[in-house]
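Here are the chains, one letter per residue:
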Amino acid sequence: MFYRENGQFKTSYRADQQIFPISQDRIAVLAILAFAFIGVPLLASEYLFNAILIPFLVMSLAALGLNLLSGYCGQISLGGAAFMAVGAYGAYNFIMRVPGMPLPLALLLGGVCATVFGVFFGLPSLRVRGLYLAVATLAAQFFADWVFLRNKWFTLDNASGSAAAPHLELLGQSIQGDVPRYLFCLTVLVILALLSKNLVRSAIGREWMAMRDMDVAAAVIGIRPMYAKLSAFAVSSFVLGIAGGLWGFFYLGAWEPAAFSLDLSLKLLFMVIIGGLGSIMGSFFGAAFIVVLPFALNQFLPWVASLFGFMITTTAASHTELMIFGVLICWFLIVEPHGLARLWSTGKQKMRVWPFPH
Amino acid sequence: MADDHQAAQSVGIPLSRIWFIVWCVAGVVALVAGMIWGSKLGVQFSLATLALRALPVVILGGLTSVPGAIVGGLIIGVGEKLSEVYLGPFVGGGIEIWFAYVLSLVFLLFRPQGLFGEKIIDRV
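Here the structure is a predicted model, which is why all the values come from computation and not from measurement. (Residues numbered from 1 in each chain as written. Chains lettered and ligands numbered in written order. Predicted model: local features only at pLDDT ≥ 70, side-chain atom pairs only at ≥ 80, totals over all residues.)

Q: Is there a simple way to think about the overall build of chain A in this case?
A: Looking only at helices and strands, one finds 14 helices and 4 strands in chain A. Taking 21 Å as the expected radius of gyration for a compact globule of 358 residues, we find that chain A reaches 21 Å, a close match to that expectation. Principal-axis analysis of the C-alpha atoms gives chain A an extent of 65 × 65 × 45 Å. Considering chain A as a whole, with its 358 residues, one finds that 39% of them fall into the buried category. (Helix = DSSP H or I, 4+ residues; strand = E, 2+ residues; numbered from the N terminus. Rg over C-alpha atoms; globule rule 2.2 N^0.38 Å. Buried ≥ 20, exposed ≤ 12 C-beta atoms within 10 Å, placed from the backbone.)

Right, here's the structure in full:
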């Protein structure tokens, strides 16, 4: 009814190649962006910003980065948090050691550090794949954990071994408040998401997908495996590095190496798998699922329990929360193995032909 | 079975029964390993992360090979401790958490199928 593309004729190559070819999609995306940039800062409370919105934005960015590697290029990586850690510590070192270093430049340089690290640990992907590669990236994870814990140089020889974010400034203005921090993360996310969306439909993105679908066949038709795989590792770890910098500076404030442990890597992988491998939209869904759902369960469990007439203690609530969370993950994967993004596209398809079933 | 589900099913292998047996055997073997470990070193919640250590072992020894798993386990277990004692002091200690992974990583670069694994043949 509302979602019809009839009559939207494409009369130029430009119109044919737009990111969102259907005009309703364009309007919806613009509306969501306008709401995120203008509406949310007016409505949300301080708690909402710090507990949900900022982690959601940063985790979406990280899931996006991992999705480029695991979803588009098919290289399963268990080292997502390691790349984030390299980005965070890289940005931290640049901003603390170089006087007058602007924040965006430090984040970018942190991303570049993560790129170098990612390409190095991506080298085994040229020889091995699947489970073998997962173990290889696990090496990156444990190695990064160890380096940042043992090597005091990275934390400026700080006695406590933790890194504290500096005062956040952009063009001489302080952006320490909740709203400016939110807006900064949102801007970075929107820019990188648009760039990735464009990248995956370009020649490079198609090379990645060919690699994912069958690497031997791709090599036979003339795609160089080394360039395709290493470029996927480079781009993905760059995005993950920037997400790591944002996670440290804008969300945690002060962090220890344990903040970027294997736990976070697995969470990132969950996000990508639940959201949908090989879908930019899926990264957002996955991040929302992992970040918002535990919080929602936390809020609703005591309420549901009181509805049935028994009190639930805080520890029991947090344990039940974990259990329900695990069950929900399994249930989602059984019902929809292709992730939430597939549900989304099925829904869109249904809307196009509504009210007819086919 | 592991090579191609549908092909296995079409030649009359009962998928669900095979899955059942595979998971049962895997569970029992892991249970024995857990009991031995627990009786020696105690049981804690962190035992769950131990399973991750088993990954480099099977990779090094080669998937689809039982002797490989045993030899791989010996190499990884002894290598971890020796590296900690002899290499650890030079780089600040604590290297046993990542040594196994890096060892298997380097090994994979030269022999992708592991020590005793079947040779990987690429077909299109």
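Q: Explanation requested: the overall build of chain B in the structure shown.
A: Per the secondary structure count, chain B includes 6 helices and 0 strands. Overall, chain B shows an N-to-C arrangement of helices and strands of α-α-α-α-α-α. Restricting the contact set of chain B to residue pairs at least 6 apart, pairs at least 24 apart contribute 49%. (Contact = placed C-beta atoms within 7 Å.)

Q: For this particular structure, what's the right way to read the packing of helix H2 (residues 23–43) of chain A against helix H7 (residues 178–200) of chain A?
A: In helix packing, the relevant descriptors are the interaxial angle and the interaxial distance, both defined with respect to the helix axes. Residue and element names in this part refer to chain A. Across the interface, H2 lies against H7 with an axial gap of 10 Å and an inter-helix angle of 175 degrees. With respect to H7, the element H2 is oriented roughly antiparallel. Here Leu33, Ala36, Phe37 and Pro41 of H2 come into contact with H7, specifically with Val179, Tyr182, Leu183, Leu186 and Val190. (Axes fitted to C-alpha atoms, helices over the stretch in contact; angles between N-to-C directions. Parallel < 35°, antiparallel > 145°, perpendicular 65-115°, else oblique.)

Q: Whenever I open this one, the environment of leucine 328 of chain A confuses me. Can you help?
A: All names here are of chain A. Mapped onto the fold, leucine 328 is located in helix H13 (residues 314–335). Overall, leucine 328 belongs to the partly exposed group, with 14 C-beta atoms counted inside 10 Å. It is 9.8 Å that separates the C-alpha atoms of leucine 328 and leucine 293, two residues lying 35 residues apart in sequence.

Q: What is the right way to look at helix H2 (residues 15–41) of chain B in this model?
A: A rise of 1.5 Å per residue sets the reference length of H2 of chain B, with its 27 residues, at 39 Å; its end C-alpha atoms lie 38 Å apart and thus fit the reference within 8%. In terms of burial, H2 of chain B is largely open, as just 0 of its 27 residues are buried. (Expected span 1.5 Å × (residues − 1).)

Q: Can you help me understand the packing of helix H4 (residues 80–97) of chain A against helix H10 (residues 225–252) of chain A in this one?
A: All names here are of chain A. Contact pair H4 / H10: the axes reach a minimum separation of 6 Å and the direction vectors enclose 60 degrees. Between H4 and H10 lies a crossing whose hand is right-handed. For the pair H4 and H10, contact is made by Gly80, Phe83, Met84, Ala85, Val86, Gly87, Ala88, Gly90, Ala91 and Tyr92 and by Ser237, Leu240, Gly241, Ile242, Ala243, Gly244, Gly245, Trp247, Gly248 and Phe249, respectively. Residues of the contact of H4 with H10, tallied by class, amount to 12 nonpolar, 8 polar and no charged. (Left-handed = near helix turned anticlockwise from the far one by under 90°. Nonpolar A, V, L, I, M, F, W, Y, C, P; charged D, E, K, R; others polar.)

Q: Help me understand the interface of chain A and chain B in this model?
A: How big an interface is tends to be stated in terms of the accessible area lost upon association of its parts. With 16 residues of chain A at the contact, the number on the chain B side is 18 residues. Those elements that provide at least two residues to the side of chain A that touches chain B are helix H6 (131–150) and helix H9 (215–220) of chain A. At 9 residues, H6 of chain A tops the list of elements feeding residues into the side of chain A that touches chain B. Residues that form the side of chain A that touches chain B fall into these classes: 14 nonpolar, no polar and 2 charged.

Q: So what exactly am I meant to see when it comes to the confidence of the model for chain B here?
A: Should pLDDT be low for a region, the predicted coordinates there are not to be read in detail. All names here are of chain B. On average, residues of chain B score 76 in pLDDT, and 77% of them reach the 70 mark or higher. Looking at the elements of chain B, mean pLDDT is at its lowest for helix H5 (residues 88–91), recorded as 66, and at its highest for H2, recorded as 84. Both confidence scores are given for the complex: pTM 0.84, ipTM 0.74. (pLDDT = per-residue confidence, 0-100.)

Q: What am I meant to see in the nonpolar core here?
A: General note: in soluble globular proteins, nonpolar side chains tend to be found buried as a group. Val58 and Leu61 of chain A are the most contacted members of the largest nonpolar core, which totals 106 residues. Setting aside residues up to four positions removed in sequence, valine 58 of chain A forms contacts with Cys185, Ala243, Leu246, Trp247, Phe250 and Tyr251 of chain A. (Core = buried A, V, L, I, M, F, W, Y, C linked by C-beta atoms within 7 Å.)

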